[in-house]
Structure formats: C-alpha cells, structure tokens
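The lines below spell out each chain.
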Amino acid sequence: MAVVGSEGLRSRHGSFYTVKRWTSVTKLFTAYSVLIGVDSGRWNLGEAAGPPGSTVRHLLAHASGLPFDGPTPITPPGRRRIYSNTGFDLLGEFVSQKTGLAFADHLKDSVLDPLGIEAELRGRPSEGLVGGVIGMARLATELLAPTLLSPALLREATTVTFPSLPGTLPGVGRFDPLEWGLGFEIKGAKSPHWTGQTNSPETYGHFGGSGAFLWVDPVAEIGLCVQTGREFGPWALESWPILSDAVLAEVSGSTGPR
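Keep in mind that this is a model prediction, so the values were computed, not measured.

A. Representation of unusual backbone geometry in the model. Look at the link from aspartate 176 to proline 177: it is a cis peptide, with omega at 10 degrees. Take proline 177: it is sitting in the loop between strand 7 (173–175) and strand 8 (185–186). Here the amide bond leading from serine 191 into proline 192 is cis, since omega sits at 5 degrees, within 30 degrees of zero. Of note, proline 192 is situated in the loop between strand 8 and strand 9 (204–207). Even without being a glycine, histidine 62 presents a positive backbone phi close to 55 degrees. Looking at the secondary structure, you find histidine 62 in the loop between helix 2 (56–60) and helix 3 (85–99). With relative accessibility at 2%, the residue histidine 62 sits in the buried group.

In structure tokens:
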C-alpha cells in the first residue's frame, strides 16, 4: 500500500516492490499514454477509432457501444456507458498505427520511463501491466502534480465525459448516470462505491480484478494505491471503503513519508 501527495510518498505499508498483476488499473496508464499523444498534437480526441461513428474520446469514456469483450457493438456510440476491455485494446491498436510502434513500446517511452516506473505490459492494453505498487504510486503522484500532461487536459480527462449516460460498473452495480472521464472512473454520486464515504465526489481512479486499485482525491490532495493479489470480490467492497476512510482521516495532514 502507498499513500502519496503532490510532493510524493507520504506513507507505505507492506510490500512495495513485489511484482503483481495490475489488471484493469492498466487502463489508467493506457489512457495517460493516449492523452500525452493528444497533448503533443500527434492525434486528437475526435479522431475516428473503434466501431463506425466512434472516436478516441468515445473509447476512453467507455461510450463507443462496444461490449465488455468482443468486436460487435451493442449500441451506437454515445448512447450508453458500457465498460469495455475491447475499447481499450483498440486504443492500443490506434496508437500503434499512429506511431509505428508496438503499444508496449509507446507506453514505455511515453509514461513508464519518464516516471521511472519499472512495470511491463505482458498482454492487452486493457489489463496487461505487471509491477510493484511503487509504480502505481508514481502515477498517482503525477496525477496530483502533472509533469507529462498539461493541467488543462488532465482536468478534462478527470471531468465527466458524455454526462447522463447510464451503465454498469462491473462488480459494483448499475448507475444512472455512470460517471466516467477519459479513462478515469469518477466517484460522483455513486453509492455504494469502492472508495471511501469521505472521498470527495471528484475522486477518480480505477480498480482491477486482481485486487489492485488506485484513486486520487484532488480535494484532499491525496492518492492511495493498493495491491493485494486477491481476486476482486464482495470482500473488496466491504474493506476498501473502510481503508480509504481511515487513510483520509490519518494522513490528510501529513507532510512527509512515514
């Protein structure tokens, strides 16, 4: 476990370097690499990507109409929020076509190496990263004090995109609306939720099926990163909010590592 502020590490507990699967927390890194390309002018959010009528923005926001897994759209783009691994895998293909690089290489060049993250993509852009919790902590610190992305684009990415779309957050429940930004799930008014009751509605992040999660609360100016190695299940929705509330209560006023 790692707790960070904009200045870096504030607190840590347990294994910090043990390599484990990040599963869908990978989507945050994939999204960040795509956004860096937008910021640099290599491509834009409105470019066609995915099924007919879909754009990079639709894929990042899980609004392309693609299913959880599979190439056949369920609805036209922009109608529903359908959480889609396939959509993020197509983002990887889009980037590869634009750069001429394997997506793993682009991710390494654009995000992992600049942030000093020792992680490896061993599979799909939607879920394939493996690494230690220190790597997630470095992204969380970057999100609190961006160096690779303009603050304006980060604000856009962590603001609800395509508001009012209903959908289901896998493993949690159906929400109307299901708030999501450009790759970042936004807590909003969701209840129950996997973050704490005292996390602000502006909190954003992602969790993965391997029991990993990363959230950033921009109001509290704190990020929390956790790896468990225990598959996500009802236990997580019971324990993660308690942990999140305890962390916010304990370290929100901390100024240095403990």
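After presenting the structure, the write-up continues.
B. Quick peek at the packing of aromatic side chains. Under the criterion given, the structure shown has 14 aromatic pairs. Both rings, one in tyrosine 83 and one in tryptophan 180, keep their centres 5.8 Å apart while their planes meet at 50 degrees; by these two values the pair is tilted. Here tyrosine 83, found in the loop between helix 2 and helix 3, pairs with tryptophan 180, found in the loop between strand 7 and strand 8; they are 97 residues apart in sequence, far enough to count as distant. There is no split in this pair, since tyrosine 83 and tryptophan 180 are both buried. Every member of this aromatic cluster is reached through a ring pair, and the members are Trp194, Phe207, Phe213, Phe232, Trp235 and Trp240.

C. Highlighting the pairing of strand 10 (residues 213–217). By the criterion of burial, strand 10 is predominantly enclosed, with 5 of the 5 residues buried. Every second residue of strand 10 is oriented toward a common face, with Phe213, Trp215 and Asp217 on one face and Leu214 and Val216 on the other, all of them buried. When strand 9 meets strand 10, the two strands line up antiparallel, connected through 4 bridges. Its bridge partner being in strand 10, phenylalanine 207 is matched across the sheet by phenylalanine 213. Joining the antiparallel neighbours strand 9 and strand 10 is a turn of 5 residues, in which glycine 211 adopts a positive phi near 90 degrees.

D. Just the sheet that holds strand 8, in detail. Strand order across the open sheet formed by 6 strands is 2-1-11-10-9-8, with antiparallel pairing between neighbours. Each edge of the open sheet is held by one strand with a lone partner, namely strand 2 (8–12) and strand 8. Looking at chain direction, strand 1 (residues 2–5) and strand 2 are connected through 4 bridges and run antiparallel. Looking at the pairing, valine 3 lines up with serine 11 of strand 2.

The rules behind the values
- Residues numbered from 1 in each chain as written.
- Predicted model: local features only at pLDDT ≥ 70, side-chain atom pairs only at ≥ 80, totals over all residues.
- Heavy atoms only, no water.
- Helix = DSSP H or I, 4+ residues; strand = E, 2+ residues; numbered from the N terminus.
- Buried < 20%, exposed > 50% of the residue type's maximum accessible area, 1.4 Å probe, protein only.
- Phe/Tyr/Trp six-rings, centres within 6.5 Å; stacked < 30°, edge-to-face > 60°.
- Pairing = 2+ DSSP bridges.

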